[in-house]
Amino acid sequence: MQDFKIDTNCVQAGYKPENGEPRVLPIIQSTTYKYDSSVEMGRLFDLEKEGYFYTRLQNPTNDAVAAKIAALEGGVGAVLTSSGQAASFFSVFNIAGAGDHVVSSAAIYGGTFNLFSVTMKKMGIDFTFVSPHASEEELDKAFKPNTKAVFAETLSNPSLQVLDIEKFAAAAHAHGVPLIVDNTFPTPINCRPFEFGADIVTHSTTKYMDGHATSVGGVIVDSGNFDFMAHKDKFPGLTTPDDSYHGIVYAERFGKAAYITKCVAQLMRDLGAIPSAFNSFLLNVGLESLAVRIPKHCSNALKVAEYLKNNEKITWVNYPGLEGDEQYELAKKYMPHGTSGVISFGVKGGREAATKFMDSLKLAAIVTHVADSRTCCLHPASTTHRQLTDEQLAECGVSPDLIRFSVGIENSNDIIADIEQALNML
Ligand SMILES: *Cc1c(COP(=O)(O)O)cnc(C)c1O
């Protein structure tokens, strides 16, 4: 399906029914698969033959959706996970273990920051956090001899920082490690990080990919471009025999698909963070309209951002797609068709005015979610970050008046009218 345009792949990639088979991707709601002989099944266990034997490792519905996302990102393979958190964890843990070190952008999702700085730290993996706008020298200084990967978000949640992917990829490659990027907010419709040198892409499919707020999920996509064998000593998990599979060397046996095969064969086998086939089915339905929904999210968000920018009750607006925004040029380079539907802004009157404004909204709902078809908003200072003082908030780049506004695909005039009536209550 590689030759088709991305909007065709959104609809058709990953599943190709044979004569007389269901036109729509079936939900294979089965834990197991039947074989005629033990010998045949044994070959599957040894990774000598491809095939299904237990859904914790592979399921046809999940695999079809993963293949679709691999096609959208231009990768050689992908694996779905039960959540975006599992995707972030596996993407790093697949190549870093106790005693290793990872360089990460500081502008990442709060859940990922916790995963790295608390939970994975307990597992013995050390992280150095750098600004997404770090200079080449600053980036260079963050590396250590035991660094195994660089991690960043292409468009960060919630701070909306645009990553200079080429700069981060160059730094990672100069130190012989892959660049892993979380591409949740732009989606492959607005940015395909492999084209700029990223090696691994992750997503929380919970957001725009599902698009309707029905299923939590994640995905890891492998570009196949990183040459682990060229850095043999750094990545023994890929370049030396795996005793749990009779001595297979992933980088030798699976070539470009070594990283993603190891991820399934070891991490899914042992940690089991798989999505249900039903959730993958819903994700697939969402993906079919991704190329139609994303431009609408972006054009609506641009209209809302322009409205807010010209409103005297608004103190500041952060939307990288807005002309005059300090990240506008960077956004144009990496996301020329738009960034995402998410905007952040401040209202005059700080924390109190922000909550009053939000409570007055009628169409937009207050929810702990972003990036689905319904317009929604969140006030981090009184919800997700409520335990922090104003000084601590400033350190995280969250001001007390910050409202994260996720623009949906309703009519933009209705969304703006709702904002206007709520601002009039102030
Ligand atoms: C939501 C989110 C995650 C975590 O995903 P879940 O599906 O909620 O586990 C990771 N990264 C980004 C950028 C997110 O927005």
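Structure first, text after, so check above.
Residues numbered from 1 in each chain as written. Predicted model: local features only at pLDDT ≥ 70, side-chain atom pairs only at ≥ 80, totals over all residues. Heavy atoms only, no water.

Draft legend 1. Molecular detail of the pairing of strand β4 (residues 147–153). Most of β4 sits out of view: 7 of its 7 residues are buried. In this sheet, β4 lies alongside strand β2 (residues 101–105) in parallel orientation, the contact comprising 4 bridges. Bridge pairing links S104 to F151 in β4. Relative to strand β5 (residues 179–182), β4 is paired through 4 bridges, and the arrangement is parallel. In the strand pairing of β5, A152 is matched with V181. In this view, the connection linking β4 to its parallel neighbour β5 by way of helix α7 (residues 165–174) has right-handed handedness. (Buried < 20%, exposed > 50% of the residue type's maximum accessible area, 1.4 Å probe, protein only. Helix = DSSP H or I, 4+ residues; strand = E, 2+ residues; numbered from the N terminus. Pairing = 2+ DSSP bridges. Right-handed = clockwise from strand over helix to strand, strands pointing away.)

Draft legend 2. A look at the layout of surface pockets. Roughly 1200 Å³ of internal volume is contained in the largest pocket. Around the largest pocket, the lining is made up of 48 residues, and of these I108, Y109, G110, N157 and P158 lie nearest the centre. Put simply, the parts of the chain that give the lining of the largest pocket at least two residues each are α4 (84–93), α5 (110–122), β6 (200–204), β8 (314–318), α16 (390–395) and β12 (402–406). The element best represented in the lining of the largest pocket is α5, accounting for 5 residues. Across the lining of the largest pocket, the residue classes break down as 18 nonpolar, 25 polar and 5 charged. Each of domain 1 (6–285) and domain 2 (291–423) contributes no fewer than three residues to the lining of the largest pocket. Along its surface, the second largest pocket is lined by 41 residues, and E50, Q58, D63, T261 and V264 are the ones closest to its centre. Those elements that provide at least two residues to the lining of the second largest pocket are α2 (38–45), α3 (60–73), β1 (77–81) and α11 (258–271). No other element matches α3, which puts 6 residues into the lining of the second largest pocket. Class assignment for the residues of the lining of the second largest pocket results in 25 nonpolar, 10 polar and 6 charged. (1 Å grid on protein atoms, 1.4 Å probe; cavity = no way out; pocket = protein on both sides within 12 Å on 5 of 7 lines; lining within 4 Å. Points joined across faces, edges and corners; volume = space filled by probe spheres on them. Nonpolar A, V, L, I, M, F, W, Y, C, P; charged D, E, K, R; others polar. Domains from an automatic or database assignment.)

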